[in-house]
Amino acid sequence: AEDLVTVEYAILTQLKATPAVTRISGDRIYPVVATQSGEGAIQPYVVFSQSGRVEEQSWGATAMTTKRFDVVSVAENYDTAHELADAVVTTLNNWNTANNGLMGGALGVDIQNVTVEDQFDLVDDNFDLGFFMVQTVITVSYRT
């Protein structure tokens, strides 16, 4: 059986292959849980997780699925967190296979559209986190 790339892996691969993102985050791009090694300054990173799904719909010969993802850009500096979030948006927004190719490489996913739904600062009124987080909400529609 052929190994199929999941949409989650495609997002991870695409972000790690984008110089505008990795210039800030390095290879610190994680699904669901971020890992930070050592102590001291927080190095900028991105963590993303699936937050919703629309059941498959038929458009033509193949079914299409839409998933929602929360992509959080984190940095010690407010401007850096926003610069990283904007790089994520520039990389993913309006992606489609016809214009950009399969997401995630040659065995990637046939993305029909990526839409940015929202973007906002994550805050906690109860305590100072000591770093900044910007959450970008995207929907990814793809053929299965």
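Residues numbered from 1 in each chain as written. Predicted model: local features only at pLDDT ≥ 70, side-chain atom pairs only at ≥ 80, totals over all residues. Heavy atoms only, no water.

Caption draft 1: Representation of the overall build of the protein chain within the structure. A tally of helices and strands in the protein chain yields 4 helices and 5 strands. When the helices and strands of the protein chain are read in sequence order from the N terminus, they spell out α-α-β-β-β-α-α-β-β. Per-residue burial over the protein chain gives 39% buried out of 144 residues. At a minimum sequence separation of 6, the contacts of the protein chain that also span at least 24 residues come to 56%. When the accessible surface of the protein chain is totalled, it reaches about 8,000 Å², and 50% of it is carbon and sulfur. (Helix = DSSP H or I, 4+ residues; strand = E, 2+ residues; numbered from the N terminus. Buried < 20%, exposed > 50% of the residue type's maximum accessible area, 1.4 Å probe, protein only. Contact = heavy atoms within 4.5 Å. Areas by Shrake-Rupley, 256 points an atom, 1.4 Å probe, with all protein chains shown as cover.)

Caption draft 2: The side chain of Thr139, seen in detail. Take Thr139: it is sitting in strand 5 (residues 132–143). Excluding residues that lie within four positions of it along the chain, Thr139 makes contacts with Thr66, Lys67, Arg68, Asn113, Val114, Thr115 and Glu117.

Caption draft 3: Structural view of the packing of aromatic side chains. A full pass over the atoms with the stated rule returns 3 aromatic pairs. An angle of 65° between the planes, with centres 6.4 Å apart, marks the rings of Phe48 and Phe69 as edge-to-face. Remark: Phe69 occurs in strand 3 (residues 62–75) and Phe48 occurs in strand 2 (residues 45–59); sequence separation between them is 21 residues. For the pair Tyr78 and Phe132, a centre-to-centre distance of 5.4 Å together with 75° between the ring planes defines the contact as edge-to-face. With Tyr78 in helix 3 (residues 78–92) and Phe132 in strand 5, the pair connects residues that are 54 residues apart, well separated along the chain. The class of Tyr78 is partly exposed, set by a relative accessible area of 37%. Owing to a relative accessible area of 36%, Phe132 belongs among the partly exposed residues under this scheme. (Phe/Tyr/Trp six-rings, centres within 6.5 Å; stacked < 30°, edge-to-face > 60°.)

Caption draft 4: Quick look at the confidence of the model for the protein chain. Put simply, the protein chain has an average pLDDT of 88, and 89% of its residues get 70 or more. Mean pLDDT across the elements of the protein chain ranges from a minimum in strand 2, with 85, to a maximum in helix 2 (residues 19–25), with 97. (pLDDT = per-residue confidence, 0-100.)

Caption draft 5: Region of interest: the pairing of strand 3. The element strand 3 is extensively covered by neighbouring structure, given that 12 of its 14 residues are classed as buried. As paired elements, strand 3 and strand 5 share 12 bridges and run antiparallel to each other. Bridge assignment links Arg68 to a residue of strand 5, and that residue is Thr139. (Pairing = 2+ DSSP bridges.)

Caption draft 6: Seen up close, the environment of Ala20. Topologically, Ala20 is positioned in helix 2. Ala20 gets classed as partly exposed once you look at its relative accessible area, which sits at 37%. Along the sequence, Ala20 and Thr91 sit 71 residues apart, while their C-alpha atoms lie 8.2 Å from each other.

Caption draft 7: Geometry of unusual backbone geometry. Residues other than glycine seldom take positive phi values, yet Val32 does so here, at roughly 70°. By secondary structure assignment, the location of Val32 is in the loop between strand 1 (29–31) and strand 2. For Asn94, which is not glycine, the phi dihedral falls at a positive 65°. For Asn94, the position within the fold is in the loop between helix 3 and helix 4 (97–100).

Caption draft 8: Examining helix 3 more closely. With 15 residues, helix 3 extends 21 Å from end C-alpha to end C-alpha; this agrees with the ideal 21 Å at 1.5 Å per step. Measuring from the side-chain oxygen of the N-cap residue of helix 3 to the backbone nitrogen of Asp79 gives 2.8 Å; that N-cap residue is Asn77. (Expected span 1.5 Å × (residues − 1). Polar contact = N/O pair within 3.5 Å; in protein donor to acceptor, adjacent residues only side chain to side chain.)

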